[in-house]
Amino acid sequence: QSGANDLQTKADRLVQMSICASLARKFPKVTIIGEEDLPPHDVAEELIEDGHCEEILRKPCPPQYAGIKEEELVIWVDPLDGTKEYTEGLLDHVTVLIGIAYGGKAIAGVINQPYYNYEAGADAVLGRTIWGVLGMGAFGFELTEAPAGKHIIVTTRSHSSTLVNDCITALNPDTVIRVGGAGNKIIQLIEGKASAYVFASPGCKKWDTCAPEAILHAVGGKITDIHGNSFHYNKEVKHMNSAGVLATLRNYDYYASRIPNTVKQSLVP
């Protein structure tokens, strides 16, 4: 087991060092908060990415963000979301999350799936990047709604509990999908594979939800805690989303109204 954990830690650290050092070099005044608690030190040059994406730069910046100063932004980084699944070889669950917040609100996000298509054969293009900005939209995937009239719940694979399961049962779902990674669960919503992401438990952190939230909100979806409170992403905020997660692409109110009070009382924001 420690072998898998060492692998996880090394992958997590290398990815985070690469992302944070690359961002810090280009945007020295932003606040960057990553999952791994890494001491600041010199990062090997080969880990620095200094290119940029022409596709994104061709799009006009939404006017409400045109005057933002660099120091007003907080970037939340999860270098490897779905870590347990990564160590178990479930590579399609793995995502890299980079969320950008302004005024405490998630406004832009990137979900990279490095192993997307890994089972599709030698000729398949491996990996994809989904990204979005509020007021601009989201790109890199095909927006699809879940089947009408079906209640398909996506939830945790490795952090289940009585509370998590009681909450799901109360929603009377047609199907329950259990997958790793918050980024991966939001992808299930925007690609129409699930109608709600429900996690009635603490455990999820701000770096898990910031990027997915921006992408989901950019296409008209909604994510909150189990009580219906929005998440805040200013740099002083506590990292834990201690009152769980409820997210949908459509029909948020249907699910929100069916969360049992016993579940709500057990989860303190």
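- For the protein chain, the name recorded in an unreviewed UniProt entry is 3'(2'),5'-bisphosphate nucleotidase 1, with Nothocercus nigrocapillus as its organism.
- You can read under Cofactor (unreviewed entry) in the UniProt record for the protein chain the words "Mg(2+)".
- Under the UniProt heading Sequence similarities (unreviewed entry), the note attached to the protein chain is "Belongs to the inositol monophosphatase superfamily."

1. Examining the overall build of the protein chain
Phase 1: Helix and strand counts for the protein chain come out as eight helices and eleven strands.
Phase 2: For the protein chain, the C-alpha radius of gyration of 18 Å lies close to 18 Å, the compact-globule estimate for 269 residues.
Phase 3: Seen through its principal axes, the protein chain has C-alpha atoms that stretch 50 × 45 × 40 Å.
Phase 4: Counted over contacts in the protein chain with a minimum sequence separation of 6, partners at least 24 positions apart contribute 69%.
Phase 5: Carbon and sulfur atoms make up 52% of the accessible area of the protein chain, which amounts to about 13000 Å² in all.
Phase 6: Taken together, the 24 basic and 32 acidic charged side chains of the protein chain have centroids lying 6 Å from each other.

2. Side note on helix α4 (residues 162-170)
Phase 1: When α4 is considered as a whole, its buried residues turn out to be V164, C167 and I168. All buried residues of α4 fall inside an arc of 100° around its axis, so they share one side. Of the residues in α4, the exposed ones pointing more than 90 degrees away from the buried face are T162 and T169.
Phase 2: The elements touched by buried residues of α4 are β7 (152-156), β8 (175-179), β9 (196-199) and α8 (261-266).
Phase 3: Following α4 by one or two positions, N172 adopts a phi angle in the positive range, close to 50°.

3. Concerning the UniProt feature "binding site: Mg(2+)" (unreviewed entry) in the protein chain
Phase 1: Those places that UniProt annotates as "binding site: Mg(2+)" (unreviewed entry) correspond, in this numbering, to E35, D78, L80, D81 and D208. The greatest C-alpha distance among the residues just named is 9.7 Å, despite their covering 174 residues of sequence, which places them together in space.
Phase 2: Within the secondary structure, L80 is located in strand β2 (residues 73-81).
Phase 3: Beyond its immediate sequence surroundings of up to four residues, L80 is in contact with A11, D12, E35, Y86, V94 and T95.
Phase 4: Topologically, D81 is positioned in strand β2.
Phase 5: Setting aside its immediate chain neighbours within four residues, D81 contacts H93, V94, T95, L97, G181, A182, G183 and D208.

4. Notes on the side chain of T95
Phase 1: The residue T95 is located in strand β3 (residues 95-102) in this model.
Phase 2: Residue classification places T95 among the buried positions, given a relative accessible area of 0%.
Phase 3: Once you skip the residues sitting within four places of it in the chain, T95 turns out to touch D78, P79, L80, D81, I111, N112, Q113, P114, G183, N184 and I187.

5. Brief notes about the nonpolar core
Phase 1: Among the nonpolar cores identified, the biggest contains 68 residues, and W76 and Y197 are the most heavily contacted of them.
Phase 2: The leading source of residues in this core is helix α6 (residues 206-218), at seven residues.
Phase 3: Looking at which domains feed residues into this core, each of domain 1 (10-137) and domain 2 (152-266) supplies at least three.
Phase 4: Among all residues touching Y197, those that are not within four sequence positions of it are V154, A182, K185, I186, L189, C204, V245, L246 and A247.
Phase 5: Grouped together as the second largest cluster of nonpolar side chains are five residues, A11, L80, Y86 and L91 included.

6. Some points on the domain arrangement of the protein chain
Phase 1: Domain assignment breaks the protein chain into domain 1 (10-137) and domain 2 (152-266).
Phase 2: Placing a centre on the C-alpha atoms of domain 1 and another on those of domain 2 gives a separation of 21 Å.
Phase 3: For the pairing of domain 1 and domain 2, the buried interface totals around 2400 Å² over both sides, and the portion due to carbon and sulfur atoms is 66%.
Phase 4: Where domain 1 meets domain 2, there are three salt bridges.
Phase 5: With a closest N to O distance of 2.7 Å, E88 and R157 form a salt bridge.
Phase 6: Linking domain 1 with domain 2 are eight residue pairs in polar contact (both at pLDDT 80 or more).
Phase 7: With eight residues, the top contributor of residues to the side of domain 1 that touches domain 2 is strand β4 (residues 105-113).

7. Remarks on unusual backbone geometry
Phase 1: Even without being a glycine, N117 presents a positive backbone phi close to 75°.
Phase 2: Take N117: it is sitting in the loop between β4 and β5 (128-133).
Phase 3: One non-glycine residue, N172, lies in positive phi territory at about 50°.
Phase 4: Secondary-structure assignment places N172 in the loop between α4 and β8.

Reading the values: the criteria
Residues numbered from 1 in each chain as written. Predicted model: local features only at pLDDT ≥ 70, side-chain atom pairs only at ≥ 80, totals over all residues. Heavy atoms only, no water. UniProt positions renumbered as here; feature names shortened; annotations may be inferred. Helix = DSSP H or I, 4+ residues; strand = E, 2+ residues; numbered from the N terminus. Rg over C-alpha atoms; globule rule 2.2 N^0.38 Å. Contact = heavy atoms within 4.5 Å. Areas by Shrake-Rupley, 256 points an atom, 1.4 Å probe, with all protein chains shown as cover. Lys, Arg positive; Asp, Glu negative; His and termini not counted. Charge placed at Lys NZ, Arg CZ, Asp CG, Glu CD. Buried < 20%, exposed > 50% of the residue type's maximum accessible area, 1.4 Å probe, protein only. Arc of directions from axis to C-beta. Core = buried A, V, L, I, M, F, W, Y, C linked by side-chain atoms within 4.5 Å. Domains from an automatic or database assignment. Buried area = accessible area lost by both parts, 1.4 Å probe. Salt bridge = Lys/Arg side-chain N within 4 Å of Asp/Glu carboxyl O. Polar contact = N/O pair within 3.5 Å; in protein donor to acceptor, adjacent residues only side chain to side chain.

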